[in-house]
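# Geometric and topological summary
Each chain is listed here by its residues.
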Amino acid sequence: MRSVDLTFDEALEAAVRDRWHALLDLGICSLATHRGASNRPHVTLSAGEDLELTGRPAFAPFAVRLGAPLLFPRRSGAVLALTVIPTHELLELHGRVAGDVTGAFEHTRPGAWTPHVTLSRRVAGEQTAAALAVLRSLGDLPSGLVTGLRFWNGDTRTVTDLLGP
């Protein structure tokens, strides 16, 4: 798997990590258990098994707001995520990234993409109410900034910062 991702400022990243740990404290598998150096809260702009960058999209930090939880049903348990409120800046960047990649999954292409930040990849049906309750107990997420753009290569397990030279 390969992807182009956005990362957040420290405060927003910490708020997402708090939610990962709150889920884990309930016994719900969350991304808090992923110990890899590349694991940090992010928004995937484009992904694919054979995703290739053909250019570098222009990027400047911009404001972002995370919203309500959502569930993506799967056989092995739902993916629990937080919505990312689509702004003009986010949608423009997503379009630029789509123009600078080949091999993207269709669900990450413009018109099919749902911007989100994953909290857990395996929430069982009977865990859903508790997961939503703990997220609600933590209150609203702070607004923040998207500050980074990176390329994740799962084949080599490397992250390339796309903001550098």
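Above this text you will find the structure in question.
Summarised in this report is the structure supplied together with it. Since we're looking at a predicted model, the values are computed, not measured.

### Here's the deal with the sheet that holds strand 8 (residues 116–123)
With antiparallel pairing, the three strands of this open sheet are ordered in space as 5-6-8. Both outer strands of the open sheet, strand 5 (66–72) and strand 8, are each paired with one neighbouring strand and no more. Put simply, the sheet's adjacent strands are angled 20° from each other on average, direction ignored. Pairing analysis gives five bridges linking strand 5 to strand 6 (residues 78–84), with the strands arranged antiparallel. Opposite Leu70, over in strand 6, you have Ala81 as the bridge partner. The sheet contacts of helix 1 (residues 10–25) involve strand 5, strand 6 and strand 8, and relative to strand 8 the element is tilted by about 10°.

### Brief notes about the nonpolar core
Taken as a class, soluble globular proteins show a tendency for nonpolar side chains to be buried jointly. In terms of nonpolar packing, the biggest core is built from 38 residues, with Val4, Leu6, Phe8, Leu45, Leu66 and Leu119 touching the most fellow members. Broken down by element, the residue count for this core peaks at six residues, all from helix 1. Not counting chain neighbours up to four residues away, the residues in contact with Leu119 comprise Val16, Arg19, Trp20, Leu23, Ser30, Leu31, Leu80, Ala81, Leu82 and Leu135.

### Quick look at the environment of Val97
When you line up the elements, Val97 lands in helix 2 (residues 88–99). Non-local contacts of Val97, meaning those with residues more than four positions away in its chain, are made with Val4, Leu45, Ser46 and Pro57.

### Structural notes on the pattern of salt bridges
Per the counting criterion, the structure on display carries five salt bridges. Between Arg40 and Glu13 there is a salt bridge, with its nearest N and O atoms 2.6 Å apart. Taken together, the residues Arg40 in the loop between helix 1 and strand 2 (42–48) and Glu13 in helix 1 connect sequence positions 27 residues apart. Residues joined by salt bridges that share partners form a network here, namely Arg2, Glu52 and Asp155.

### Digging into helix 2
Along an α-helix, residues three or four positions apart point the same way, because every turn accommodates 3.6 residues. Between its first and last C-alpha atoms helix 2 spans 17 Å; for twelve residues at 1.5 Å apiece the expected length is 16 Å, and the two agree. Along helix 2, the residues classified as buried are Leu90, Leu93, His94, Val97 and Ala98. Mapping the buried residues of helix 2 onto a view down its axis gives an arc of 140°, with all of them on the same face. The exposed residues of helix 2 that point more than 90 degrees off its buried face are His88 and Gly99.

Scoring rules and cut-offs
Sequence order sets the numbering: in each chain, residues are counted from 1 along the sequence as written. Restriction of local features to residues with pLDDT of at least 70 applies here, the model being predicted, together with a cutoff of 80 or more for giving and counting side-chain atom pairs; totals for whole chains, interfaces and linings are based on all residues. Note: side-chain values were computed over all heavy atoms of the structure, leaving out hydrogens and water. Strands are labelled as partners when DSSP assigns at least two bridges between them. The way it works is that DSSP assigns letters per residue, a run of H or I at least four long becomes a helix, a run of E at least two long becomes a strand, and they are numbered from the N terminus. Lines fitted to the C-alpha atoms define the axes, with helices restricted to the stretch that makes contact. Angles between their N-to-C directions range from 0 to 180 degrees. What makes two residues a contact is simply this: any of their non-hydrogen atoms within 4.5 Å. By convention a nonpolar core is built from buried Ala, Val, Leu, Ile, Met, Phe, Trp, Tyr and Cys residues, the set being connected through side-chain atoms within 4.5 Å. Each residue is placed in one exposure class: buried if its accessible area under a 1.4 Å probe, protein chains only, is under 20% of its type's maximum, exposed if it is over 50%, and partly exposed if it falls in between. The working definition used for a salt bridge is a side-chain nitrogen of Lys or Arg within 4 Å of a carboxyl oxygen of Asp or Glu. Take the number of residues in a helix, subtract one, and multiply by 1.5 Å to get its expected span. In this context, the arc is that of the directions from the helix axis out to the C-beta atoms.

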